[in-house]
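Each chain, letter by letter, is given below.
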Amino acid sequence: LEDENEDGRPDNVVRAWLQALFQFALVWSVGAVIEGDSRVKFDEWFKPLAAGTNKNFPLPKDLKMPKNIQYPNRGSIYEYVYIKSDIGGTWKRWDHTRENTPIPATANIHEVIVPTMETIRQEFFLTEFIKKEKSLMFVGPTGTGKTAVVINHLITLPKESYLPNNINFSARTSSLQTMDLFMSKLDRRRRGVYGPTLDRKMVVFVDDVNMPMKEKYGAQPPIELLRQLLDHKYWFDRKDNNILTPVDWILLAAMGPPGGGRNTISSRFLRHFNIIGIDAYDELSMRSIFQAVTDWHFNKGFENSLKKFSRIVVHATQMIYNMTVSHFLPTPSKSHYVFNLRDFAR
């Protein structure tokens, strides 16, 4: 690197960007698919490695990692994002990158998404991957808001630039249905080529992508059809077997872990995606979500003396929820004893 790059920025600023963003990219590629306690272990391993204090894997002698480029010691590496600036940059907690906005009084509570660190992270990656036209997949347990966050984000995309297409897979979804749903929003541009109206990109979101049943030989036809499109960029017309080429599309997907009707899916399909693991909500996140909802409800005409019950209701519900989770453990005969955010909401 020269003392200044082509944009006129000092060498030390560009180097700081590269080093910090490399760490961020490493965490959200290699470390993005793990969850729970594994994230804690990865955090404990990664910080000394980046700081150069890991004796087994020391930094090269000519590589300097200033303290302000390393992840902050406080909190987990999964809690921070690097924000660039003209004088370098800084690490910020995800929940500090957005101002808290109160829920509108006229809002439909079933359509409200209370911002948490997890939802802000998801929206960040959706924005970046759609902008770069790269495939993205969210993987996480039921009740973590994967579908709601993606659909809400697609609704807010500028209509003159993007065309959302939501496809829900089930155990009985066929490859024919998948192809019809995919093509239903595309126009014919020329012979064998189909796409959205000019200057637009179709953003296809496939929910519960691992739900289709496996056939005789272990394949899942809807997934194999999508894999063919990702691999070769074309299908065959079912009427005359001519090549059919969809263009200007971006593929997003979401799924839960295998089990309970969900299947493991081909690594040949998964290799096309940047996979982000979604962790189950912890107690603090659940409390903040429902505290915002109950505060919104108690502010609709209740007397001030009653508003204190908002916090009491949330704490009491969380206490009962925690007791339920600890006492009603899943067993082979009662495998449905798995509780999540939806059960808390009820």
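Scroll up to find the structure.
Residues numbered from 1 in each chain as written. Predicted model: local features only at pLDDT ≥ 70, side-chain atom pairs only at ≥ 80, totals over all residues. Heavy atoms only, no water.

### Notes on the overall build of the chain
Regarding its fold elements, the chain presents 11 helices and 11 strands. With the C-alpha coordinates aligned to their principal axes, the bounding extent of the chain is approximately 65 × 60 × 45 Å. Residues classed as buried in the chain amount to 37% of the 346 residues present. The contacts in the chain between residues at least 6 apart in sequence include a share of 66% that link residues at least 24 apart. Approximately 20,800 Å² of the chain is accessible, and the part contributed by carbon and sulfur atoms is 55%. (Helix = DSSP H or I, 4+ residues; strand = E, 2+ residues; numbered from the N terminus. Buried < 20%, exposed > 50% of the residue type's maximum accessible area, 1.4 Å probe, protein only. Contact = heavy atoms within 4.5 Å. Areas by Shrake-Rupley, 256 points an atom, 1.4 Å probe, with all protein chains shown as cover.)

### Description of the packing of aromatic side chains
To describe a pair of aromatic rings, you give the distance between the ring centres and the angle between the ring planes. Using the criterion set out here, one finds 20 aromatic pairs in the structure. A centroid spacing of 5.3 Å and a plane angle of 80° characterise the contact between F124 and F125, whose relative ring orientation is edge-to-face. Among the residues examined, F125 registers a relative accessible area of 5% and is labelled buried. Taking 5.1 Å as the distance between ring centres and 75° as the angle between the ring planes, the aromatic pair formed by F182 and W235 counts as edge-to-face. With F182 in helix α5 (residues 175–183) and W235 in strand β8 (residues 235–236), this pair connects stretches of sequence that are 53 residues apart. Of the two residues examined, F182 and W235, each falls in the buried class. If you follow R39 out to its NZ or CZ, it ends over the ring of Y78, 4.5 Å from the centre. Positioned above the aromatic ring of W17, the side-chain terminus of K84 is 4.5 Å from the ring centre. (Phe/Tyr/Trp six-rings, centres within 6.5 Å; stacked < 30°, edge-to-face > 60°. Lys NZ or Arg CZ within 6 Å of the ring centre and 35° of its normal.)

### A few points about the side chain of R39
Inspection of the secondary structure assignment puts R39 in helix α2 (residues 37–51). Buried and unpaired, R39 has D279 as its nearest opposite-charge partner, separated by 4.6 Å. The residues contacting R39, other than those within four sequence positions of it, are W28, A32, I34, Y78, R121, G277 and D279. (Lys, Arg positive; Asp, Glu negative; His and termini not counted. Salt bridge = Lys/Arg side-chain N within 4 Å of Asp/Glu carboxyl O.)

### What to know about the pattern of salt bridges
Where charged atoms from two side chains of opposite charge approach closely, those side chains can pair. As enumerated under the stated definition, the model contains 14 salt bridges in all. A salt bridge links K201 to D248; the nearest nitrogen and oxygen atoms lie 3.0 Å apart. Of this pair, K201 sits in strand β7 (residues 201–207) while D248 is found in the loop between β9 (243–246) and β10 (249–255), placing the two residues 47 residues apart along the sequence. The closest approach of N and O atoms between R227 and D231, which form a salt bridge, is 3.0 Å. Within this pair, R227 and its partner D231 are both found in helix α6 (residues 221–232), separated by 4 residues, close to a single helical turn. Within this structure, E133, R189, K201 and D248 form a network of salt bridges that share partners.

### Describing the sheet that holds β8
If you walk across this open sheet you meet the 4 strands as β5-β6-β9-β8, and the pairing is mixed. Of all the strands in the sheet, just β5 (187–190) and β8 have a single pairing partner and so form its edges. Relative to strand β6 (residues 193–195), β5 runs antiparallel, the two being bridged by 3 bridges. Bridge pairing in β6 links D187 to G195. (Pairing = 2+ DSSP bridges.)

### A short note on the layout of surface pockets
Its boundaries defined by the atoms lining it, the largest pocket holds a volume of some 1,300 Å³. Lining of the largest pocket is provided by 41 residues; of these, P115, T116, M117, S285 and S288 occupy positions nearest its centre. With 7 residues, helix α8 (residues 283–298) is the largest single contributor of residues to the lining of the largest pocket. Among the residues making up the lining of the largest pocket, the classes are represented as 17 nonpolar, 11 polar and 13 charged. (1 Å grid on protein atoms, 1.4 Å probe; cavity = no way out; pocket = protein on both sides within 12 Å on 5 of 7 lines; lining within 4 Å. Points joined across faces, edges and corners; volume = space filled by probe spheres on them. Nonpolar A, V, L, I, M, F, W, Y, C, P; charged D, E, K, R; others polar.)

### What about the nonpolar core?
With 41 residues, the main nonpolar core has W28 and L252 as its most contacted residues. Mapped onto this core, the elements with two or more residues apiece are α1 (11–27), α2, β1 (80–85), α3 (117–132), β3 (136–139), α4 (146–156), β7 and β10. Among all residues touching W28, those that are not within four sequence positions of it are R39, Y78, W94, R121, F125 and I276. (Core = buried A, V, L, I, M, F, W, Y, C linked by side-chain atoms within 4.5 Å.)

### A short note on the environment of V30
Structurally, the position occupied by V30 is in the loop between α1 and α2. On the basis of relative accessible area, V30 is assigned to the exposed category, the value being 51%.

### Quick word on α2
If you check α2, its first and last C-alpha atoms are 22 Å apart, about what 15 residues at 1.5 Å a residue would give, namely 21 Å. Along α2, the residues classified as buried are R39, F42, D43, F46, K47, L49 and A50. For α2, the arc enclosing every buried residue in end-on projection is 165°, short of the 170-degree limit, so these residues lie on one face. Facing away from the buried side of α2 by more than 90 degrees, the exposed set consists of D37, K41 and E44. In this structure, the buried residues of α2 make contact with α1, α3 and β11 (274–277). Looking one or two residues past α2, G52 carries a phi angle of roughly 85°, positive in sign. (Expected span 1.5 Å × (residues − 1). Arc of directions from axis to C-beta.)

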